[in-house]
Amino acid sequence: QVQLVESGGGLVQPGGSLRLSCAASGSTFGIYAMGWYRQAPGKQRELVATLTSGGSTNYADSVKGRFTNARDNAKNTVSLQMNSLKPEATAVYYCYANMVTRGYWGQGTQVTVSS
């Protein structure tokens, strides 16, 4: 069993920055990738960024150049640095841990970009 806990969400003005963190606990040995999804009101949940233990990264086109995903394998954590935030980035952001057998989701953290 794996538990994921997100932190760092909040209210930020357009153009501002936030850093989200996700800590994994439990049986984390089998985690080979972690990343972030987000779901805005009335929208489908979408992939934001992923980072494997080998360092491979993937970003949604909408966040490339502005968001940076980093993973600390020893600490079983991932961080999402979000810069130049736009109002359309407002969503609940979910941490995700990918294992061979299954994936795990965090409970989500709210990010609101508004003046």
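What counts and how
- Residues numbered from 1 in each chain as written.
- Predicted model: local features only at pLDDT ≥ 70, side-chain atom pairs only at ≥ 80, totals over all residues.
- Heavy atoms only, no water.
- Helix = DSSP H or I, 4+ residues; strand = E, 2+ residues; numbered from the N terminus.
- Disulfide = S-S within 2.5 Å.
- Buried < 20%, exposed > 50% of the residue type's maximum accessible area, 1.4 Å probe, protein only.
- Core = buried A, V, L, I, M, F, W, Y, C linked by side-chain atoms within 4.5 Å.
- Contact = heavy atoms within 4.5 Å.
- Pairing = 2+ DSSP bridges.

Engineer: Tell me about unusual backbone geometry, and please be specific about residues and values.
Structural biologist: Located in the positive-phi region is Ser84, a residue other than glycine, with phi close to 50°. Within the fold, Ser84 resides in the loop between strand 8 (77–82) and strand 9 (91–99).

Engineer: Go over the state of the cysteines, please, and point to the residues and values.
Structural biologist: In this structure the tally under the stated criterion is 1 disulfide. The residue that forms a disulfide with Cys22 is Cys95, at a sulfur-sulfur distance of 1.9 Å. One quick way to see it: the torsion about the S-S bond of Cys22 and Cys95 is about -85°, and its sign makes the bridge left-handed. Placement of Cys22 in strand 3 (residues 18–26) and of Cys95 in strand 9 is noted, with a sequence separation of 73 residues between them. Of the two residues, Cys22 and Cys95, neither departs from the other in class, the shared state being buried.

Engineer: Describe the nonpolar core, and please don't skip the residues or the numbers.
Structural biologist: Counting residues in each nonpolar core, the largest one holds 28 residues, and the members touching the most others are Leu4, Met34, Trp36, Leu80, Met82 and Tyr93. Every element with two or more residues in this core is listed here: strand 1 (2–7), strand 3, strand 4 (31–39), strand 5 (46–52), strand 8, strand 9 and strand 11 (109–113). It is strand 9 that provides the largest number of residues to this core, a total of 5 residues. Excluding anything up to four places from it in sequence, Tyr93 contacts Glu6, Leu20, Trp36, Tyr37, Arg38, Val48, Phe67, Leu80, Met82, Gly108, Thr109 and Val111.

Engineer: Can you lay out the environment of Tyr94 for me, pointing to particular residues and giving the numbers?
Structural biologist: Within the secondary structure layout, Tyr94 lies in strand 9. Taking the C-alpha atoms as reference points, Tyr94 and Arg45, separated by 49 residues in sequence, lie 9.1 Å from one another. Not counting residues within four places of it along the chain, the set of residues in contact with Tyr94 comprises Glu6, Gly35, Trp36, Tyr37, Gln39, Arg45, Trp105, Gly106, Gln107 and Gly108.

Engineer: Can you explain the pairing of strand 5? Please cite residues and give values.
Structural biologist: In this sheet, strand 5 lies alongside strand 4 in antiparallel orientation, the contact comprising 6 bridges. Following the sheet pairing, Tyr37 is matched in strand 5 by Leu47. Counting the residues in the hairpin turn of strand 4 and strand 5 gives 6 residues, including Gly42, whose phi is positive at 75°. Where strand 5 lies against strand 6 (residues 57–59), 3 bridges are found, and the strand directions are antiparallel. Counterpart to Thr50 in the pairing with strand 6 is Asn58. Between the end of strand 5 and the start of strand 6, which pair antiparallel, lie 4 residues, with Gly55 showing a positive phi angle near 95°.

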